[in-house]
Amino acid sequence: MILLDEVYKSFNANHVLTGTSLVVKKGESRVVIGGSGSGKSVILKHIVGIMKPDKGRVTVDDMDIARLKEHDLYEIRKKFGMLFQMAALFDSMSVWENVGFVLSRRGMLKPAKIKEIAVEKLKLVGLVNVENLMPSELSGGMKKRVGLARAIAHEPEILLYDEPTTGLDPITADAINDLIVSLKERLKVTSVAITHDMQSSYKIADSISMLYQGKIIATGTPDEIRNTSDPVMRQFITGSAVGPIKVEGVNNERTVNRA
Amino acid sequence: MTRLIERFGRAILSLLQKGVFVAEETGRIFLLLLATLRQLLLPPFGIVDIFRQMLEVGVRSVPVVIVTAIFTGMVFALQTYTGFKRFGAETLVGTVVAMSMTRELGPVLTGLIVSGRAGAAMAAELGTMRVTEQIDALETLAINPVKYLIVPRFVAGLIMLPALSVCADIIGIIGGYFVTVVLFNTSSVVYWKQTWTYLESADIYNGLIKACFFGGAISIISSYKGFYTSGGAEGVGKATTGAVVLSSMTILISDYFLSSWLFG
Ligand SMILES: Nc1ncnc2c1ncn2[C@@H]1O[C@H](COP(=O)(O)OP(=O)(O)OP(=O)(O)O)[C@@H](O)[C@H]1O
Ligand SMILES: [Mg+2]
């Protein structure tokens with residue numbers, strides 16, 4: 001179980017999380033939606049403990065992530081797999097070494113076997129014949145999928161996806177959604193996914209939470225969210241610039257600077 | 001008058017702030033050093049990573065070290081020979097070259113070269129890994145980044161600096177020999193005799209102790225600068241220059257104190 005209890009986090013004067021609370025039960029697939037810059041990635045980073053809350057508590061299986069001893073923190077991280085928004089591939093390693101990184105660090109398998117597993121995981125995310133390339137030779141969407149393959153390679157119990165389908169074409173995106181669903185069903189993973197893609201979130205989520213102004217303002221099943229009457233939620237899921245959420249610096253009248 | 005006092009006060013204040021900043025940074029570097037030492041002693045020991053860094057820090061620096069050492073030895077011999085000739089002491093050239101190379105120039109020049117080459121590379125590489133979230137990714141994969149990234153660089157620095165420094169000592173002495181014996185046509189027997197008679201083994205190993213210290217300092221300082229980079233590509237640039245400046249300064253300043261302790 002993942003729990004955020006009244007978490008506060010600021011960067012200098014930028015108050016990003018202001019009392020965020022979130023509970024994700026074991027085996028549940030949660031999607032967090034919210035505007036750009038609202039702090040979704042920051043939430044994920046708190047869950048794996050690469051950021052610490054200024055105030056409040058983050059626990060995973062009843063262990064307080066911010067107060068764990070270093071050794072215990074690394075132990076609990078073995079349960080995690082995380083896909084970073086920008087993939088964060090190790091650029092000094094080839095694609096298959098990236099995917100097999102954890103396996104080779106654990107030192108129990110031979111390199112040939114690790115490569116075989118890596119190739120298989122890459123196939124799961126729809127990538128073939130890329131295992132010997134370097135990350136710098138990949139497109140943005142390919143990097144994302146290699147990042148996903150790396151996150152799932154050691155079959156973790158908890159998966160954190162930061163925008164798994166952003167930057168992918170609609171067909172590949174749907175295949176990734178299917179993969180996420182099948183990981184949940186086959187491996188019973190607990191997951192938190194961030195996405196801007198409502199189609200994708202309806203498909204992969206058991207429940208959806210919306211982050212707005214530093215707090216989770218609503219949580220519900222995909223159906224509940226789809227039929228919500230809350231004006232903020234409605235505006236977000238229908239993707240309209242008109243409504244209670246104001247987009248700074250963007251007004252609805254066209255501004256043209258050309259004479 | 002009050003204006004002047006005000007400006008004076010401000011200047012002092014900013015100096016104090018700089019002082020506090022330096023103290024803080026020194027403290028954080030020490031904390032990183034402690035964390036590194038702790039991780040160094042805990043298994044598993046990433047021998048492969050250490051060898052890779054030894055190659056990076058050490059072997060790749062050999063050409064630059066050779067060129068620097070040979071010309072330093074040569075110019076030292078040239079200046080000493082022509083200078084000492086004034087009071088008829090030109091037979092001492094071998095001694096002067098050997099002593100200055102082993103006690104001073106070998107370790108310090110190697111240190112400066114390595115901080116410019118390997119130190120900059122360390123800061124740039126770790127800095128890039130930081131700003132592209134690769135270090136965060138390591139943590140989420142349950143790999144301790146201090147152990148995985150900094151320990152091998154630290155060990156490589158400790159081992160390779162003395163090794164390069166020995167190399168510089170020998171080549172410097174050969175450079176001195178070339179100028180004194182071959183160019184100035186003096187006796188090769190005298191040169192070697194002068195080299196060996198007055199050179200003590202303490203000169204050599206105290207020089208190597210300094211080199212070892214410089215190696216550790218370069219690795220920790222440069223890793224620190226890279227590891228705590230923020231602010232994108234610009235931040236990486238700053239970390240890289242910062243690493244070279246701070247490790248060179250540390251080498252030159254600590255060299256005095258180490259020398260007065262080891263040789264004083
Ligand atoms: N390491 C950091 N240092 C300083 N500020 C940060 C840091 N990480 C995030 N922020 C700030 O926190 C806020 C939320 O960032 P976050 O990356 O969580 O947004 P997000 O909701 O994931 O947005 P997007 O959908 O665009 O990815 C932003 O205003 C950002 O400037
Ligand atoms: Mg984000």
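Residues numbered from 1 in each chain as written. Chains lettered and ligands numbered in written order. Predicted model: local features only at pLDDT ≥ 70, side-chain atom pairs only at ≥ 80, totals over all residues. Heavy atoms only, no water.

### Looking at the overall build of chain A
When you go through chain A residue by residue, the secondary structure sums to ten helices and ten strands. With the principal axes as the frame, chain A shows a C-alpha extent of 60 × 50 × 35 Å. Residue pairs at least 24 apart in sequence account for 62% of intrachain contacts in chain A once pairs closer than 6 positions are excluded. By element, 52% of the accessible surface of chain A is carried by carbon and sulfur atoms, the whole surface being about 12,700 Å². One finds the centroid of the 35 positive side-chain charges in chain A at a distance of 2 Å from the centroid of its 31 negative side-chain charges. (Helix = DSSP H or I, 4+ residues; strand = E, 2+ residues; numbered from the N terminus. Contact = heavy atoms within 4.5 Å. Areas by Shrake-Rupley, 256 points an atom, 1.4 Å probe, with all protein chains shown as cover. Lys, Arg positive; Asp, Glu negative; His and termini not counted. Charge placed at Lys NZ, Arg CZ, Asp CG, Glu CD.)

### Examining the overall build of chain B
Within chain B one finds nine helices and zero strands. The principal-axis extent of the C-alpha atoms belonging to chain B is close to 65 × 65 × 30 Å. For chain B, the residues scored as buried account for 47% of the 264 residues in total. The long-range share in chain B, meaning contacts at least 24 apart out of those at least 6 apart in sequence, stands at 84%. Accessible surface for chain B amounts to roughly 13,200 Å². Of this, 72% is attributable to carbon and sulfur atoms. The averaged location of the 16 negative side-chain charges in chain B is 5 Å from the averaged location of its 19 positive side-chain charges. (Buried < 20%, exposed > 50% of the residue type's maximum accessible area, 1.4 Å probe, protein only.)

### Considering the coordination of the magnesium ion (ligand 2)
Residues and elements named next belong to chain A. Donor atoms from the polypeptide that coordinate the magnesium ion (ligand 2) comprise Ser41 (OG) and Gln85 (OE1), at 2.0 to 2.2 Å from the metal. Taken together, the residues Ser41 in helix α1 (residues 40-47) and Gln85 in the loop between β6 (80-83) and α3 (95-99) connect sequence positions 44 residues apart. Since its relative accessible area comes to 19%, Ser41 is described here as buried. (Donors = N, O, S within 2.8 Å, 3.2 Å for Na, K, Ca; no water.)

### Re the site of ligand 1
All names here are of chain A. In the region of ligand 1, 15 residues are neighbours, and Ser36, Gly37, Lys40, Ser41 and Gln85 sit closest. In this structure, an oxygen atom belonging to ligand 1 sits 2.7 Å away from a main-chain N or O atom of Gly37. Within the side chain of Gln85, one N or O atom sits 2.7 Å away from an oxygen atom of ligand 1. Protein coverage of the free-state accessible area of ligand 1, which is 630 Å², stands at 64%. Every element with two or more residues in the shell around ligand 1 is listed here: β2 (14-24) and α1. Of the residues forming the shell around ligand 1, the biggest block, three residues, is contributed by α1. (Near = heavy atom within 4 Å. Polar contact = N/O pair within 3.5 Å; in protein donor to acceptor, adjacent residues only side chain to side chain.)

### Points about the interface of chain B and chain A
Opposite the 18 residues of chain B that make contact, chain A presents 20 residues. Of the roughly 1,700 Å² buried between chain B and chain A, counting both surfaces, carbon and sulfur atoms make up 59%. Its largest share of buried area at the contact with chain A, chain B owes to Glu133, Thr140 and Leu141 of chain B, together 34% of the area lost on that side. One salt bridge in this structure joins Arg77 of chain A and Glu139 of chain B, with 3.0 Å as the shortest N-O distance. In this assembly, chain B and chain A are joined by six residue pairs in polar contact (both at pLDDT 80 or more). Among the elements of the structure, α1 (2-41), α5 (134-140) and α6 (145-183) of chain B are those that each provide at least two residues to the side of chain B that touches chain A. Examining the composition of the side of chain B that touches chain A, we find that six residues originate from one element, α5 of chain B, more than from any other. Partitioned by chemical class, the residues of the side of chain B that touches chain A number eight nonpolar, five polar and five charged. (Buried area = accessible area lost by both parts, 1.4 Å probe. Salt bridge = Lys/Arg side-chain N within 4 Å of Asp/Glu carboxyl O. Nonpolar A, V, L, I, M, F, W, Y, C, P; charged D, E, K, R; others polar.)

### A closer look at empty space enclosed by the protein
Residue and element names in this part refer to chain B. Under the defined criterion, the tally for this structure stands at one cavity of 30 Å³ or more. Listed by contribution, the elements that provide at least two residues to the lining of the largest cavity are α3 (62-85) and α4 (93-131). The biggest single contributor to the lining of the largest cavity is α4, with six residues. Classifying every residue of the lining of the largest cavity gives seven nonpolar, three polar and no charged. (1 Å grid on protein atoms, 1.4 Å probe; cavity = no way out; pocket = protein on both sides within 12 Å on 5 of 7 lines; lining within 4 Å. Points joined across faces, edges and corners; volume = space filled by probe spheres on them.)

### Examining unusual backbone geometry
Cis geometry is adopted by the peptide bond preceding Pro44 of chain B, which originates at Pro43 of chain B and carries an omega value of -5 degrees. Along the chain, the position of Pro44 of chain B falls in the loop between α1 and α2 (47-57). The phi torsion at Asp62 of chain A lies on the positive side, around 65 degrees, for a residue other than glycine. Unlike most non-glycine residues, Gln213 of chain A shows phi in positive territory, near 50 degrees. Locating Gln213 of chain A in the fold gives a position in the loop between β9 (207-212) and β10 (215-220).

### Let's talk about the layout of surface pockets
Put simply, the largest pocket is a space of about 790 Å³. Surrounding the largest pocket, 28 residues form its lining, Pro43, Pro44, Ala142, Asn144 and Lys147 of chain B being those nearest its centre. Going through the elements one at a time, α2 (70-77) and α4 (101-106) of chain A together with α1, α2 and α6 of chain B are the ones with two or more residues in the lining of the largest pocket. Split by residue class, the lining of the largest pocket holds 14 nonpolar, six polar and eight charged.

### Re the sheet that holds strand β1 (residues 2-11) of chain A
Residue and element names in this part refer to chain A. On the basis of which strands lie adjacent, the open sheet formed by four strands has the order β2-β1-β4-β5 and antiparallel pairing. Pairing within the sheet leaves two strands with one partner each, and these edge strands are β2 and β5 (63-64). Pairing of β1 with β2 involves eight bridges; the strand directions are antiparallel. Looking at the pairing, Ser10 lines up with His15 of β2. (Pairing = 2+ DSSP bridges.)

### With respect to the sheet that holds β10 of chain A
Residues and elements named next belong to chain A. What the six strands build is an open sheet, ordered β6-β7-β8-β3-β9-β10; its pairing is mixed. The open sheet has two edge strands with one neighbour each: β6 and β10. The average undirected angle you get between the axes of adjacent strands in this sheet is 15 degrees. Here five bridges tie β9 to β10, and the two strands are oriented antiparallel to one another. Of the residues in β10, the one forming a bridge with Ser209 is Thr219. Each of β3 (29-34), β9 and β10 touches helix α10 (residues 231-238); the most contacted strand, β9, lies at about 105 degrees to it. (Axes fitted to C-alpha atoms, helices over the stretch in contact; angles between N-to-C directions.)

### Section: the environment of Lys26 of chain A
All names here are of chain A. Tracing the backbone through its elements, the reader meets Lys26 in the loop between β2 and β3. The exposure class assigned to Lys26 is exposed, which follows from its relative accessible area of 60%. Spatially, the C-alpha atoms of Lys26 and Ser240 are 34 Å apart, while their sequence positions differ by 214 residues. Those residues in contact with Lys26 that lie beyond four places of it in its chain are Met1, Asp61, Glu157 and Thr190.

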